Amino acid sequence: LKIWQQNLNASLVAQESLMNSPDVIQQDLLIIQEPHINFLHNTCASHHYHILYLTHHLSQTQTCF
C-alpha cells in the first residue's frame, strides 16, 4: 500500500499541481490536509479520485481532532 500525505495550506495551485503529478498517480491513497475549498464548501479533483468528507463538513467551519 503506497500512501501520499500532504498539507496544501488551502492553495488551489498546489492542489492542482499535486493532482497532476506523475508521482501521486502511482499512489494507492492520497491524503490531503487543508485542501482548497471553493465557495460551495467543496474541494475539487479529477475523475481519477474519489473525495471523502467528514459527515459534518458542511455544518461546521472548523474541525479539531
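To be clear, the structure that these remarks concern was listed above.
Calculation notes
By convention here, each chain's residues receive numbers from 1 onward along its written sequence. Totals for whole chains, interfaces and linings use all residues, but because this is a predicted model, local features are given only for residues with pLDDT of at least 70 and pairs of side-chain atoms are given and counted only at 80 or more. Each side-chain value is derived from all of the structure's non-hydrogen atoms; neither hydrogens nor water enter the calculation. Helix numbers and strand numbers start at the N terminus; a helix is a DSSP run of H or I with at least 4 residues, a strand a run of E with at least 2. Within 3.5 Å is the distance limit for a polar contact, defined as a pair of N or O atoms, with the added protein rule that one can donate a hydrogen and the other accept it, and that residues adjacent in sequence qualify only through two side-chain atoms. Note on contacts: a residue pair qualifies if any of its non-hydrogen atoms lie within 4.5 Å across the two residues. We call a set of buried residues a nonpolar core when its members are Ala, Val, Leu, Ile, Met, Phe, Trp, Tyr or Cys and they connect through side-chain atoms within 4.5 Å of each other. Whether a residue is buried, partly exposed or exposed follows from its accessible area with a 1.4 Å probe, protein chains only, as a fraction of its type maximum: under 20%, in between, or over 50%, in that order.

Summarising the element assignment, threonine 43 is placed in the segment after β2 (29-33). Here the side chain of threonine 43 touches glutamine 15 through a polar contact of 2.7 Å, side chain to side chain. A polar atom in the side chain of threonine 43 sits 2.9 Å from the backbone oxygen of histidine 36. Excluding residues within four positions of it along the chain, threonine 43 makes contact with Gln15, Pro35, His36, Ile37, Ile51 and Tyr53.

This part takes up the nonpolar core. Listed in full, the five residues of the largest apolar core are Leu8, Leu18, Met19, Val24 and Leu30. Other than its neighbours up to four places away in sequence, leucine 30 contacts Trp4, Leu18, Met19, Val24 and Tyr49.

Here we come to unusual backbone geometry. You will see that asparagine 9, though not glycine, has its phi angle at about 50°, which is positive. Looking at where asparagine 9 falls in the secondary structure, it is placed in the loop between β1 (3-7) and α1 (12-19). Backbone geometry at histidine 41 places phi at a positive 65°, although glycine is not the residue there. Its location among the elements puts histidine 41 in the segment after β2.

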